[in-house]
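# Descriptive analysis of the structure
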Amino acid sequence: MPGFFVTGTDTGVGKTVVACALARGLRRRGLDVGVMKPVETGVGSSGPLDAKALQTAAGSRDAIGEICPVALPLAAAPAVAAAETGIRIELSWLRDKFQALATRHVWMIVEGAGGLLVPLSSQETMADLAAALGLPLVIVARGRLGTINHTRLTLEAAVARSLPLAGVVISHADGPLSVADCANLAALRAWLGDRLAGEIPPTAPGTSVPFDAILDALMRGPL
């Protein structure tokens, strides 16, 4: 089915901002969209906040337990947080949960946890989940120093696993860039070429993200 699997080059790069913007953008185009955060860690008494943000962005009536079937208290990699709770995350079970949601919607937006090689279990990673769900990747990269290495490593991992790529979105969640950051980022933009779908500028909390042009680029199909 049409949709995207939103992953990142690191934690805290803006995956939820991008996933929510995708959901809102599809809704504005009159498209039915379901959302899923298969595993969320660092979940406190207020529940899985990333999953709730996705639910709101999509205008979803799906239960939060369907959108986020695995909510774990420890703010760590999914396999680590699951082990701390005494459970093991089963990829096949997550895939079944996704398929149950997908039957109700035309589009699906799935947000991963961390990056592609973050472990789900002792055997499987977030990349394995992306492959099982069959959605093209949207890779969210930060604008600061270090982004060239992180982005290229993520793309190499995706290519090695034959994961289709919808595009790379650069997020400026960390605020204004230094001169060195800007020079570094210009080199990354040039290297990405057509794989760069666009950039999200720094935005205040609650501010709508300008995403129409980025969504157009992502919807052109896997690269």
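Structure first, text after, so check above.
Just so it is clear, the structure is predicted and the values come from calculations on it, not from any experiment.

The subject of this paragraph is the environment of Leu-153. On the secondary structure map, Leu-153 appears in helix H7 (residues 147-160). Here Leu-153 falls in the partly exposed class, since its relative accessible area comes to 49%. On a C-alpha basis, the gap between Leu-153 and Thr-9 in space is 8.2 Å, while along the polypeptide they are 144 residues apart.

Turning next to the environment of Leu-26. Residue position: Leu-26 is located in helix H1 (residues 15-28). Owing to a relative accessible area of 0%, Leu-26 belongs among the buried residues under this scheme. For Leu-26, the residues in contact, after removing those within four places along its chain, are Leu-31, Val-33, Trp-107, Ile-109, Leu-215 and Met-219.

The subject of this paragraph is the packing of aromatic side chains. Applying the stated criterion to the full structure yields one aromatic pair. Here the aromatic rings of Phe-4 and Trp-107 are separated by 5.8 Å at their centres, their planes lie at 40 degrees, and the arrangement is tilted. Linking Phe-4 in strand E1 (residues 3-8) with Trp-107 in strand E5 (residues 107-115), this pair joins segments that are 103 residues apart in sequence. Each member of the pair, Phe-4 together with Trp-107, is buried. Positioned above the aromatic ring of Trp-191 is the side chain of Arg-195, whose terminal nitrogen or guanidinium carbon lies 4.3 Å from the ring centre.

Counting across every chain of the model gives 10 salt bridges. A salt bridge links Arg-88 to Glu-90; the shortest N-O distance between them is 3.1 Å. On the accessibility criterion, Arg-88 (44% relative accessible area) is partly exposed. Given the relative accessible area of 38%, Glu-90 is considered partly exposed. Each of Lys-37, Asp-50 and Glu-111 takes part in a single network of salt bridges with overlapping partners.

The strand order across the open sheet built from six strands is E2-E5-E1-E6-E7-E8, with neighbouring strands paired in parallel fashion. Each edge of the sheet is formed by a strand with only one pairing partner; in this case those strands are strand E2 (33-36) and strand E8 (196-200). With strand direction ignored, the average angle separating the axes of adjacent strands in the sheet is 20 degrees. In this sheet, E5 lies alongside E1 in parallel orientation, the contact comprising five bridges. In the strand pairing of E5, Phe-5 is matched with Val-110. Each of E1, E2, E5, strand E6 (137-142), strand E7 (165-171) and E8 is contacted by H1, which is oriented at about 175 degrees to E5, the strand it contacts most.

Considered for burial, the residues of helix H4 (residues 78-85) that qualify are Pro-78, Ala-79, Ala-81 and Ala-82. End-on, the buried residues of H4 take up no more than an arc of 165 degrees, which puts them together on one face. Exposed positions of H4 whose direction lies more than 90 degrees from the buried face are Ala-83 and Glu-84. Residues of H4 that are buried in the fold lie against strand E3 (39-41), strand E4 (70-72), E5 and helix H6 (126-133). Positive phi appears at Gly-86, one or two residues downstream of H4, with a value of about 85 degrees.

Thresholds applied
Residues numbered from 1 in each chain as written. Predicted model: local features only at pLDDT ≥ 70, side-chain atom pairs only at ≥ 80, totals over all residues. Heavy atoms only, no water. Helix = DSSP H or I, 4+ residues; strand = E, 2+ residues; numbered from the N terminus. Buried < 20%, exposed > 50% of the residue type's maximum accessible area, 1.4 Å probe, protein only. Contact = heavy atoms within 4.5 Å. Phe/Tyr/Trp six-rings, centres within 6.5 Å; stacked < 30°, edge-to-face > 60°. Lys NZ or Arg CZ within 6 Å of the ring centre and 35° of its normal. Salt bridge = Lys/Arg side-chain N within 4 Å of Asp/Glu carboxyl O. Pairing = 2+ DSSP bridges. Axes fitted to C-alpha atoms, helices over the stretch in contact; angles between N-to-C directions. Arc of directions from axis to C-beta.

Such coordinate-based values are descriptive only and should not be taken to indicate function.
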